[in-house]
Amino acid sequence: MSIPFAFRIPFIELIGCTLERFEGGEAEIALELDVDRHTNSFGVAHGGLSMTLLDVAMAHAARSLNKAQADGGPGLVTLEMKTSFMRPGTGRLKVVGKVIHATASLAFTEGHVYDGRGSVCAHATATFKFLRALPVHGREVRPAPKVAPTDGDPKLQGPGSD
């Protein structure tokens, strides 16, 4: 039985996966693989699809730690993710994310993609940063200030710079 995602994610709605579990530092997502929408040229789960599902499952595992807080707790962003593919994904995919360790500002997670037979197709680890808010709408993005080179070469500034 699927449950609502913590927040609306338009890209996930497009993919069509469901959230099956979301509690205690764990989350599970399911997707019935559609060969006309979700596959690569070999007819198996596209690697980008698997990575997206892993990212969302691990993020929801981290988010589940704070779901009892007002407004579902802080948001989070992916800082890094490493994925290893072991076998082609086919059939109904089950993606499980788990928190390995969390601090006040970071969550270290791992996740697995399982195929319709229950075999592991991919494994990932990721680090997420908890954020109070991500002010993207109406936010002005400004370029970093340029440092004028003193001898024709751009130089880094600060301790440890060359």
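Attention in this report is confined to the structure presented alongside it. (Residues numbered from 1 in each chain as written. Predicted model: local features only at pLDDT ≥ 70, side-chain atom pairs only at ≥ 80, totals over all residues. Heavy atoms only, no water.)

### Description of the sheet that holds strand S6 (residues 120-131)
Pairing in this open sheet of six strands is antiparallel, and the strands run S1-S2-S4-S5-S6-S3 from one edge to the other. Every interior strand has two partners, whereas the edge strands, strand S1 (18-23) and strand S3 (75-85), have only one. Each strand of the sheet is rotated relative to its neighbour by a mean of 20°, with strand direction disregarded. Bridge count for S3 against S6 is 10 bridges, and the pairing is antiparallel. Note that in S6 the partner of Val77 across the bridge is Lys129. The strands that helix H2 (residues 47-64) touches are S1, strand S2 (26-32), S3, strand S4 (92-102), strand S5 (106-114) and S6; relative to S3, the one it contacts most, it runs at about 135°. (Pairing = 2+ DSSP bridges. Helix = DSSP H or I, 4+ residues; strand = E, 2+ residues; numbered from the N terminus. Axes fitted to C-alpha atoms, helices over the stretch in contact; angles between N-to-C directions. Contact = heavy atoms within 4.5 Å.)

### Side note on the layout of surface pockets
Roughly 450 Å³ of internal volume is contained in the largest pocket. Secondary-structure elements contributing two or more residues to the lining of the largest pocket are helix H1 (10-15), H2 and S3. Here the lining of the largest pocket takes six residues from H2, the largest share from any one element. (1 Å grid on protein atoms, 1.4 Å probe; cavity = no way out; pocket = protein on both sides within 12 Å on 5 of 7 lines; lining within 4 Å. Points joined across faces, edges and corners; volume = space filled by probe spheres on them.)

### A closer look at the packing of aromatic side chains
In this structure the tally under the stated criterion is zero aromatic pairs. The side chain of Lys94 reaches across the aromatic face of Tyr114, ending 5.4 Å from its centre. (Phe/Tyr/Trp six-rings, centres within 6.5 Å; stacked < 30°, edge-to-face > 60°. Lys NZ or Arg CZ within 6 Å of the ring centre and 35° of its normal.)

### Remarks on the pairing of S1
As paired strands, S1 and S2 are joined by five bridges and run antiparallel to one another. When the sheet's bridge partners are listed, Thr18 is paired in S2 with Ala30. Where S1 folds back onto S2 in an antiparallel hairpin, the turn is made up of two residues, including Gly24, whose phi is positive at roughly 55°.

### As for the side chain of Thr127
As for its position among the elements, Thr127 is in strand S6. Non-local contacts of Thr127, meaning those with residues more than four positions away in its chain, are made with Val77, Thr78, Leu79, Glu80, Leu106, Ala107 and Phe108.

### Here we look at the nonpolar core
Grouped burial of nonpolar side chains is what soluble globular proteins tend to show. The biggest cluster of nonpolar side chains holds 30 residues, and the ones touching the most others in it are Ile29, Leu49, Leu53, Leu54, Val95, Val113 and Phe128. Secondary-structure elements contributing two or more residues to this core are H1, S1, S2, H2, S4, S5 and S6. In terms of residue count, H2 provides more of this core than any other element does, nine residues in total. Leaving out residues up to four positions away in the same chain, Phe128 has contacts with Asp55, Met58, Ala59, Leu76, Val77, Thr78, Leu79, Ser105, Leu106, Ala107 and Thr109. (Core = buried A, V, L, I, M, F, W, Y, C linked by side-chain atoms within 4.5 Å. Buried < 20%, exposed > 50% of the residue type's maximum accessible area, 1.4 Å probe, protein only.)

Spatial relationships are all this shows, so hold off on functional conclusions.
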